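One letter stands for each residue in the lines below.
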Amino acid sequence: MLHRWFAITVALLAVAVSATAQVADSAVTHAAQLKTSLAKWEKVRDESGGDYSYQVRWSSAFGFGHTTTVTVRGNKVVERKYEVFGLPKPVELGGNPPAPKPQWVESGKELGTHKNEGAAARTVDELYAAATKLLETKVPEGHQRYFGFDKQGLLNHCLVV
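Residues numbered from 1 in each chain as written. Predicted model: local features only at pLDDT ≥ 70, side-chain atom pairs only at ≥ 80, totals over all residues. Heavy atoms only, no water.

S.K.: Would you mind going over unusual backbone geometry with me for this structure?
M.R.: Apart from glycine, the bulk of residues carry a negative phi angle, and the bulk of peptide bonds sit in the trans form. Although it is not a glycine, asparagine 75 adopts a positive phi angle of roughly 65°. Judged by relative accessible area, asparagine 75 falls into the partly exposed class, the value being 39%. (Buried < 20%, exposed > 50% of the residue type's maximum accessible area, 1.4 Å probe, protein only.)

S.K.: Explanation requested: the environment of threonine 113 in the structure shown.
M.R.: Among the secondary structure elements, threonine 113 is positioned in the loop between strand S4 (101-107) and helix H2 (124-136). There is a polar contact of 2.8 Å between the side chain of threonine 113 and the backbone oxygen of glutamate 110. (Helix = DSSP H or I, 4+ residues; strand = E, 2+ residues; numbered from the N terminus. Polar contact = N/O pair within 3.5 Å; in protein donor to acceptor, adjacent residues only side chain to side chain.)

S.K.: What should I look at first to understand the packing of aromatic side chains in this one?
M.R.: The description of an aromatic ring pair uses the distance of the two centres, along with the angle that the planes make with each other. Within the structure shown, the criterion is met by four aromatic pairs. Ring geometry for tyrosine 82 versus tryptophan 104: centroids 5.1 Å apart, planes at 10°, classification stacked. Of this pair, tyrosine 82 sits in strand S3 (residues 76-85) while tryptophan 104 sits in strand S4; the two residues are 22 residues apart in sequence, bridging distant segments of the chain. Assigned by exposure class, tyrosine 82 and tryptophan 104 land together as buried. On the basis of an interplanar angle of 85° and a centroid distance of 5.1 Å, the ring pair of phenylalanine 147 and phenylalanine 149 is categorised as edge-to-face. (Phe/Tyr/Trp six-rings, centres within 6.5 Å; stacked < 30°, edge-to-face > 60°.)

S.K.: Mind showing me how you'd approach H2 here?
M.R.: Helical periodicity: at 3.6 residues per turn, an α-helix aligns residues three or four positions apart in one direction. In this model, H2 (13 residues) spans 19 Å end to end at C-alpha, consistent with the 18 Å of a helix rising 1.5 Å per residue. Buried within H2 we find Val124, Tyr128, Ala131 and Leu135. Viewed along the axis of H2, the buried residues span an arc of 60°, placing them on a single side of the element. More than 90 degrees from the buried face of H2, the exposed residues found are Lys133 and Glu136. (Expected span 1.5 Å × (residues − 1). Arc of directions from axis to C-beta.)

S.K.: For this particular structure, what's the right way to read the pairing of strand S1 (residues 52-59)?
M.R.: The side chains of a regular strand alternate between the sheet's two faces. Sheet topology note: the S1/strand S2 (residues 65-73) ladder contains eight bridges and is antiparallel. Within S2, the position partnered with tryptophan 58 by the bridge is histidine 66. Connecting the antiparallel pair S1 and S2 is a turn made up of five residues, with glycine 63 showing a positive phi of about 95°. (Pairing = 2+ DSSP bridges.)

S.K.: Quick question: what am I supposed to make of the pattern of salt bridges here?
M.R.: If charged atoms from side chains of opposite charge come close, those side chains can pair. Evaluation of the coordinates by the stated rule reveals three salt bridges. The partner of aspartate 46 in a salt bridge is arginine 45, with the nearest N and O atoms 3.1 Å apart. Since its relative accessible area comes to 14%, arginine 45 is described here as buried. Two residues, arginine 80 and glutamate 106, come together in a salt bridge whose shortest N-O distance is 2.8 Å. Remark: glutamate 106 occurs in strand S4 and arginine 80 occurs in strand S3; sequence separation between them is 26 residues. (Salt bridge = Lys/Arg side-chain N within 4 Å of Asp/Glu carboxyl O.)

Structure representation (structure tokens):
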């Protein structure tokens, strides 16, 4: 009986070592993918003169949520707009729910004043730096890292859940 237990323990150890190697390999792969994506982003950013905007959206499974639009000019955040969308009043079949409405817009010295709402006022370069740092951080047990790019190969998401 001891021999069988030893064989099962060795098999489980081999699976654990294999899983650890896969996690290390995926971190190296993700870092290489992020580096390639960053080079693409820098080209796009330079072609736009550092003028762009992006959105961060959060939504629940029940249809409500919010969108933050960050506007950047000359590689500096100049505006942050926060819109909320929710469960509309019942709409007739075939009708469309109302469009989201801005809850607030920050610019100039007001940037960052709504500390508890919306995504942070960061440039895409700062988002890439945060993603790089997140990839270098060990994922706690029971958590999962999610990492992906859009059709152009630009960073779409990098988070731990």
